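For reference, the chains in residue letters:
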Amino acid sequence: MSALKKLSLGILIFLISVPATAEEKTDFDGIRKAVVQIKVYSQAINPYSPWTTDGVRAGSGTGFLIGNKRILTNAHVVSNAKFIQVQRYDQTEWYRVKILFIAHDCDLAILEAEDGTFYKDSRDLELGGIPELNSPLIVVGYPIGGNKVSVTRGIVSRKEQSEYSHSSVDSHLVLQVDAAINPGNSGGPAIQGDKAVGVAFQVATKGENIGYLIPTNVIRHFLTDIEDGSYDGYVELGISFLNSFNTSLRKAKGIPDGLEGVFVTRILPHGSADGYLKEGDYLTEIDGSPIGRNGTTTLDKDARVDFTENVDNKHAGDKIRFKVFREGKFMDISFEAKRMPDFDFMRNRYDAPYDYAMIGGLLFQEMSQDLLATWSRAGNTSGGSQFLYRYKYFIPDGINRSKKADVVLYRKLAHPVNSSSDYFLNLVIESVNGSPVNSLADLKSALAKAKDRYLRLKFLDVELPLILDRSEAEAADKQIRSTYGLE
């Protein structure tokens, strides 16, 4: 997704030219040596027709130098990129760059110019801390496709955890600012003094002049993660919890008066807490920080945030320590933080092809956020309730304990051999000739091994299977691949 599209979601945004004082202008002369304009040509694979690609799209964004020739920017600026170039304010030549690391779950990426002359007379920006509320900052970038550095001024108006729209499922700490952020600003630095205190990355779809920054604790988490040469991603605690405002519930559970904390309501399979915490546990502290009855801990003097922010700052293998009130007793429980790959299907996907299977013109994929979005845009509601329910509750209902993924019949390429299959569209396939399907690999294996005259495709919650003549279906596939351009 291009920066242009991402930031076009904002409304009523105004670009402000800032007349700098003499002292500020001197500082800005140094700062802008670190700021980079990014030009991107991207091309995404179509999830509905995964053998095709969408058209090439041109976009632009911003980045800045952070040392060791590294250019920091947003992941959404360079996702699905085919060709990327960068240029600084005093340069006339565009330089090609390569992506060293990209992290879609926190919307950050590291680029490096292939030609070392790009870095001549450049400057690196040092990362600062998390700024105070109501403190001023400037956002530097190349908005609206212009080729001149632009500066907007604002203040930090809120600190909170919020969803990062690039992945659609991950939430991390953000800084809300009232500085104007426009298409092209994405990836640009927010500056306090001479340090970068955030990366501009998205705007509010409601309200006026509300922009968001990725704070430096998230940036440092990303930079620490890639020190070993690969990006692993964020860990997940893997629980649901309930506040403890209800006094009757507190009494029923025997919670001592005045004891702050929250109730664990669900343990998600394969999460960090799986096997350590229990439903009904009362969590009172995390890593020594008291948890309020609303589920928050103190971030700094300005803000309280969900206690899960403590987990968000950890890496796989780090210890998570809780003080728990369980069955009338206090106890200390610790366990290792770990990733939950089970959540990957709920993220928007970039830079990778979509695997699929076809038999008799019937197309199957593992359920994913991209497939759901495409399905919604197409207005295809057949089998919708099952699709939506399984997508939302695949992990909370513990289905992921017994299967890797739901495989969906999401589309048919019309042919006489599949003329009676509409009823089964957007349903989850359960088995093929009695062989359970718990992943796309299972489906491919079952189809490859089938020797019976008929293929019996059993779908979830449907008593009667879809029957195909195997030989006719396989023969039809050859015609369909040629007719619909799959070859």
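Quick notes on the rules
- Residues numbered from 1 in each chain as written.
- Predicted model: local features only at pLDDT ≥ 70, side-chain atom pairs only at ≥ 80, totals over all residues.
- Heavy atoms only, no water.
- UniProt positions renumbered as here; feature names shortened; annotations may be inferred.
- Helix = DSSP H or I, 4+ residues; strand = E, 2+ residues; numbered from the N terminus.
- Core = buried A, V, L, I, M, F, W, Y, C linked by side-chain atoms within 4.5 Å.
- Buried < 20%, exposed > 50% of the residue type's maximum accessible area, 1.4 Å probe, protein only.
- Domains from an automatic or database assignment.
- Contact = heavy atoms within 4.5 Å.
- Pairing = 2+ DSSP bridges.
- Buried area = accessible area lost by both parts, 1.4 Å probe.
- Salt bridge = Lys/Arg side-chain N within 4 Å of Asp/Glu carboxyl O.
- Polar contact = N/O pair within 3.5 Å; in protein donor to acceptor, adjacent residues only side chain to side chain.
- Nonpolar A, V, L, I, M, F, W, Y, C, P; charged D, E, K, R; others polar.
- Axes fitted to C-alpha atoms, helices over the stretch in contact; angles between N-to-C directions.

Trainee: Quick one: what's the story with the UniProt feature "domain: PDZ" (unreviewed entry) in the chain, residue by residue and with numbers?
Mentor: In the UniProt entry, the feature "domain: PDZ" (unreviewed entry) is given for residues 223-291. Helix makes up 13% of residues 223-291 and strand makes up 25%, while its end C-alpha atoms are separated by 28 Å.

Trainee: Break down the nonpolar core for me, with residues and values.
Mentor: Counting 49 residues, the largest nonpolar core has Ile71, Leu72, Leu108, Phe118 and Phe222 as the members making the most contacts within it. Here the element with the most residues in this core is strand β6 (residues 108-113); it accounts for five residues. Lining this core are residues from two domains, each supplying at least three of them: domain 1 (28-119) and domain 2 (135-226). Setting aside its immediate chain neighbours within four residues, Ile71 contacts Val36, Gly63, Phe64, Leu65, Val86, Val97, Ala109, Ile110, Leu111, Ala113, Phe118 and Tyr119. Within the second largest apolar cluster, 26 residues are counted, among which are Leu372, Phe387, Ile399 and Val417.

Trainee: Hey, could you go over the pairing of strand β18 (residues 296-300) for me, with residue numbers and the actual values?
Mentor: By the bridge criterion, four bridges tie β18 to strand β19 (residues 303-306) in an arrangement that is antiparallel. Bridged to Thr296 within β19 is Asp306. Taking the residues that link successive antiparallel strands as the turn, the β18-β19 hairpin has two residues.

Trainee: I'd love a proper account of the domain arrangement of the chain, names of residues and values included.
Mentor: For the chain, the domain assignment lists domain 1 (28-119), domain 2 (135-226), domain 3 (239-338) and domain 4 (355-484). The distance between the C-alpha centroids of domain 2 and domain 3 comes to 30 Å. Facing nine residues of domain 2, the contacting portion of domain 3 comprises twelve residues. Summed over both partners, the interface of domain 2 with domain 3 comes to about 860 Å²; 44% of that surface belongs to carbon and sulfur atoms. Ranking the residues of domain 2 by area buried against domain 3 places Lys159, Gln161 and His221 at the top, with a combined share of 63%. Counting every contact that joins domain 2 to domain 3 gives two salt bridges. There are eight residue pairs in polar contact (both at pLDDT 80 or more) connecting domain 2 and domain 3. Those elements that provide at least two residues to the side of domain 2 that touches domain 3 are β9 (150-163), β10 (171-177) and α4 (216-225). With four residues, the top contributor of residues to the side of domain 2 that touches domain 3 is α4. A per-class count over the side of domain 2 that touches domain 3 returns one nonpolar, six polar and two charged.

Trainee: Can you break down the sheet that holds strand β26 (residues 435-436) residue by residue, with the values?
Mentor: A sheet is described by the order of its strands in space; here four strands give the open sequence β26-β25-β27-β28, paired in antiparallel fashion. Each of the sheet's edge strands pairs with one partner strand only, and the pair in question is β26 and β28 (466-469). One ladder, built from two bridges, connects strand β25 (residues 429-432) with β26; its direction is antiparallel. By the bridge assignment for β26, Ser431 is matched with Pro436. Contacting β25, β26 and β27 (454-459), helix α9 (residues 440-449) crosses the sheet at an angle of about 30 degrees to β25. Of the strands in this sheet, β27 and β28 touch helix α10 (residues 470-483), which is tilted by about 75 degrees from β28.

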